[in-house]
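Descriptive structure summary
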Amino acid sequence: MTPASTSRARLGGRSLAPAVLTVGAFALVALLVLAPLAHIGLALATEAGAAALRDVFTGRIATNMLWLPLKHTLLIGLAVTLACVVLGGLLAWLVTMTDMPLRRVIGLLAALPFMIPTFAVALAWTVIFANDRLGEAGIGVLARLGAEPPAWLAWGAVPVTLVLIAHLYAIAYLMIAPALATVGRDLIAAAEITGASRAQVLKGVVFPLVAPALAAAGALCFAEAASSFSAPAILGLPVRFHTLATRAYGAFETGSPERGYALIATMIVVSAALLLLAARARRRGQSFATAAGKGVVRARMALGAWRWPLAIAALALVTATTIVPALALVLSSLSPQSGDVFGAWSWHYWLGAPDAAIARGQPGILRNPELHRAFIVTLAAGLFTGVSALAVGLVVGEAIARLGAGTVATTLRQLAFLPLLIPGLAIGAAFIGLYGALLYGSFALVVIAGVAATLPFAVESVAAARAQIAAELEESARLAGAGPLGVLVGVTLPLAAGKLLAGFVLVFVKMVRDLDLVILLYTPALPLLTVVAFRYASDGFAQFAHAVAVVILVLSIAAHLAAGGFGRAAQPWLAER
Amino acid sequence: MSAAVRVRGMKRRFGRQVALGGVDVDVAPGSFCVLLGPSGCGKTTLLRLIAGLEAPDEGRIEIDGRCVVDASSGRTVPAGRRKLGMVFQGYALWPHKTAAENIDWPLRIAGLDRAARRARLAELAALLDLAPHLERYPGELSGGQQQRVAIARCLGPRPRLLLFDEPLSNLDVQLRAEMRLELLRLHGETGVTIVYVTHDQSEALALADHLVVLRDGRVEQAGVPSTLLTRPHTAFVAGFLGVPPANLLTAAHQDGAWRIGGKAFAVGCAAWGDGPVQVMIRPERLRLHERPAAGLLQAVVVEATPLGERTLARVEGAFGRATVLMPPWVGGSHGALAYLALPPTPDAVFAADGGRIT
């Protein structure tokens, strides 16, 4: 424990306040995390639940309901994980440890895919690659150019995998780059001086140092890929390609929630097993994560003749996963038919008056009162969830920090991070089951589910904010005669504001762009942009869906820009020589 | 016998900044050579060039008579084949390996078998008093222990040459003094050639048998420490070396006499030229008086530190600043008036550009 944290713990040591804080934190976590999990468990323990489990695991439908989708889920999860760790790791290495040209631009672009929701990338995929499976009108750019892509590239496992990679490699990059950034020049020089070959240096020094980050990134990518609903829903369902998530969604939609829970429980167990493995790798790494210290000078490996080829490859990757899908969606929303981007452009899908000949008389999205409502509801959901999540995060984060290093703190932290391995779809389903009788179709339920889903991010951002503030800073303000409020307003908040704002934006964006969490919470009275876009796409109104996706993109990127989320503060390694 | 390290015409620049502007250095086998200079003088760059961690723009380096890098022919022996060890400023211990593993890894790379590695580890642990700490990770070791692990790690493969980059700068004063003794003992016991970088002149004087003073990417003076102290070649060396360093006072030629702070000094030294010169006077040759008298310079005591048998005083006046090392001072301390007595002749005289005149 550092001296700073001991003195902090002593400051907070007036016995009553921490007790209230701890109890409050546990109560919040119980309500938001444990209750939904317990609900799923209890639902499966009933007679109907047992029957559902039997059906799903051993019944005649088991192959189609569980085993085949499970196989798809695992294959997609593994392929995505492997690809993301390799791509994200390579990119992180190129940006932080080599003299690759354009590495700053590439680093900034590499963080962007995280802002582009999976369902938008999936829609963009159909703009380019769709074949005539959904009718002549829906075919993509390639098919219109006469180069009809093969069926396996248009729908099913391959595009789902690629689309998830396009979204998730950014997470791997953002997790691996900071770890590489702490590997100092001298650590590597010390190894080189011994006469070790480049391979020996990589294997003996560099790899073990970043292994915990690689494991954590891999686990998170797997959990995200395995639980994704939107990508397989958009690119898999047209060819009856199912994963556990789409099967679970189907079960909930057809009124057999127990079967849904059974499938979701399977998803959670698989993800949890992987995250636990990764956590073990990380624990072994914990002791040295901080030992590398501050102010390290990094070696930049000279790439020689590979400088430009690698830069171009990296640039192609980040462009293909950011600018290309965004452009595809924008162009498609202006085209007469999805994918007919060389046709006569019109603003109809944005501004057009209702025309019975087009899309059953739907007006352009900017003229559509339902869309206006969805826009406001979505914005409000983002704002309220952001603020509430931060409030909950402050309570839980403070409690963890003040409890120090004991078992209680560890338990609380692990509970707070549990939502990472509960699929968004499951959280939505569980909250409907839990509080649906009271709150179904209410705005509050969306916010509560959102807070539960984003709790790990909120707690993390509170921890990051606390790390900005050395106890000495607060103490010196206290010694200068400031009261508790004065310290809070004069010192603590200004110092913490940046990280808290970043946490708020993260939650806000997740709410605005997430489909999985809200797909089941949606009611016509409570429209959310992502669900509206998904509905449009399922109804065959592709361009409307694309236009709405563009609106979501703009919203989430604007929020990040407003918070300075693309700046050097977010990726400090970009600022160095 | 060829030099252990021979550096010739070494030049290195980073962008527009010249780190080394043509440096020659010779290190005799078995010597303890210290590269000394203020920060930014190029000493660490020179060390990293010797190690093979940087490439020179111009110049060549030989280690034990073998050319390891020559910018004109493009020849470079990679760092790992130069058979040297290096202790880094931040130690650069691999944080994911225990102390034992840190020491063992280079032995493994060197191709030693298991038994030989174990024996060597025990030897090194005894030499550096590390036995109780071998199973700990660097993060769990104190600064001094990390330091010793770093030294053991690079001694392991029995290098002919050891390089140290400001290894003591992260330790507290007491530990620093202890580690100095430890390093000298180690040098005596192993006979290895050491090149050691520091900006701390007292550390340099305590350790070096060969001292190289660097400034702005050039060698100011190199040689035996006592020679540098008694016969500095430049005003910079004179003012940089020594505990406390020598005084440099400006003397101007006025009305047919050399004057310091307006008072005539060293009458009849025509050979110093016309312009103002810098006069070196050792602190122990200055005296302070409580009362004014002819030929004394008025001064204000800034600080007077009693050292037992003597007092170290710093004074300011029209002559600038001076350090005085003298019998116990009973006059006033901070802010008191005092009168400075100069010796009849200076210890050395330097031109305005720093070159030595006499």
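Residues numbered from 1 in each chain as written. Chains lettered and ligands numbered in written order. Predicted model: local features only at pLDDT ≥ 70, side-chain atom pairs only at ≥ 80, totals over all residues. Heavy atoms only, no water.

**Let's talk about the packing of helix 6 (residues 118–129) of chain A against helix 9 (residues 157–181) of chain A**
The relative placement of two packed helices is expressed as an angle between their axes plus a distance between the axes. Residues and elements named next belong to chain A. To keep things clear, this is the line we draw: Axis lines are fitted through C-alpha atoms, for helices just across the contact stretch, and the angle between N-to-C directions can take any value from 0 to 180 degrees. By the criteria applied, helices consist of DSSP H or I runs no shorter than four residues and strands consist of E runs no shorter than two, each listed in order from the N terminus. The cut-offs work like this: below 35 degrees is roughly parallel, past 145 is roughly antiparallel, 65 to 115 is roughly perpendicular, and the gaps in between are oblique. Crossings are classed by handedness, with left-handed meaning an anticlockwise turn of the near helix from the far one by less than a right angle and right-handed meaning a clockwise turn. The criterion used for residue contact is that any of the two residues' heavy atoms lie within 4.5 Å. Ten residues, namely Ala, Val, Leu, Ile, Met, Phe, Trp, Tyr, Cys and Pro, are considered nonpolar, four, namely Asp, Glu, Lys and Arg, are considered charged, and the remaining ones, Gly among them, are considered polar.
Here helix 6 crosses helix 9 at 130°, and the two axes come no closer than 9 Å. Classified by the angle their axes make, helix 6 and helix 9 are oblique. For helix 6 against helix 9, the interelement crossing comes out right-handed. Across the interface between the two elements, Thr118, Val121, Ala122 and Trp125 from helix 6 touch Pro159, Leu162, Val163, Leu164, Ala166 and His167 from helix 9. Residue classes in the contact of helix 6 with helix 9 are distributed as eight nonpolar, two polar and no charged.

**As for unusual backbone geometry**
Residue and element names in this part refer to chain B. Counted only if it meets this: Classification of residues uses two cut-offs on accessible area relative to the type maximum, computed with a 1.4 Å probe and protein chains only: under 20% is buried, over 50% is exposed, and between them is partly exposed.
Following Val243, the chain continues to Pro244 via a peptide bond in cis, the omega torsion being -10°. Looking at the element boundaries, Pro244 is found in the loop between helix 8 (235–240) and strand 12 (247–254). Positive phi, close to 55°, is recorded for Lys83, a residue that is not glycine. Looking at where Lys83 falls in the secondary structure, it is placed in the loop between strand 6 (75–76) and strand 7 (84–87). Lys83 gets classed as exposed once you look at its relative accessible area, which sits at 60%. Residues other than glycine seldom take positive phi values, yet Arg158 does so here, at roughly 50°. Mapped onto the elements of the fold, Arg158 is located in the loop between helix 4 (143–155) and strand 8 (161–165).

**Things to note about helix 24 (residues 529–538) of chain A**
The buried fraction of helix 24 of chain A is high, at seven of 10 residues. Just past helix 24 of chain A, the residue A:Gly540 takes up positive phi, approximately 85°.

**Concerning the confidence of the model for chain B**
Residues and elements named next belong to chain B. Heads up, the condition is: One confidence number per residue, pLDDT, is output by the predictor and ranges from 0 to 100.
For chain B, the average pLDDT comes to 89, and 98% of its residues sit at 70 or higher. Ranking the elements of chain B by mean pLDDT puts strand 14 (residues 263–264) last with 78 and strand 3 (residues 32–36) first with 96. For this predicted complex, the interface score ipTM comes out at 0.78, alongside a pTM of 0.78.

**Structural notes on the sheet that holds strand 9 (residues 193–198) of chain B**
All names here are of chain B. Put simply, the rule reads: In this description, strands pair whenever DSSP reports at least two bridges between them.
On the basis of which strands lie adjacent, the open sheet formed by six strands has the order 7-8-9-3-10-11 and mixed pairing. Among the strands making up the open sheet, the edge pair consists of strand 7 and strand 11 (218–223). Adjacent strand axes in the sheet meet at a mean angle of 15° when their direction is disregarded. Note that strand 7 and strand 8 share four bridges and pair parallel. Across the sheet, the residue bridging to Met86 is Leu163, located in strand 8.

**Section: the nonpolar core**
Applied cut-off: Residues belong to a common nonpolar core when they are buried Ala, Val, Leu, Ile, Met, Phe, Trp, Tyr or Cys residues joined through side-chain atoms within 4.5 Å.
Of all hydrophobic cores here, the largest spans 219 residues; its most connected members are B:Leu46 and B:Ile61. A total of 16 residues in this core trace back to one element, the largest contributor, which is helix 9 of chain A. B:Ile61 has contacts with B:Val5, B:Arg6, B:Val7, B:Met10, B:Leu49, B:Ile50, B:Arg66, B:Cys67, B:Val68 and B:Val69, leaving out every residue within four places of it along the chain. Grouped together as the second largest cluster of nonpolar side chains are 43 residues, B:Leu93, B:Leu183, B:Leu205 and B:Leu207 included.

**Let's talk about the interface of chain A and chain B**
Which entries qualify depends on this criterion: We define buried area as the total accessible area lost by two parts upon association, computed with a 1.4 Å probe and summed across both. By definition, a salt bridge exists where a carboxyl oxygen of Asp or Glu is found within 4 Å of a side-chain nitrogen of Lys or Arg. Polar contact is the term for a pair of N or O atoms within 3.5 Å; when the atoms are in protein, one must be able to donate a hydrogen and the other to accept it, and sequence-neighboring residues count only if both atoms are side-chain atoms.
Chain A puts 20 residues into the contact, and the matching count from chain B is 22 residues. Overall, the association of chain A and chain B removes approximately 1,700 Å² of surface from exposure, summing both partners, and the carbon and sulfur fraction of that is 72%. Applying the counting rule to chain A against chain B returns one salt bridge. Residue A:Asp186 is joined to B:Arg48 by a salt bridge in which the shortest nitrogen-to-oxygen separation is 3.3 Å. Our count for the contact surface shared by chain A and chain B stands at five residue pairs in polar contact (both at pLDDT 80 or more).

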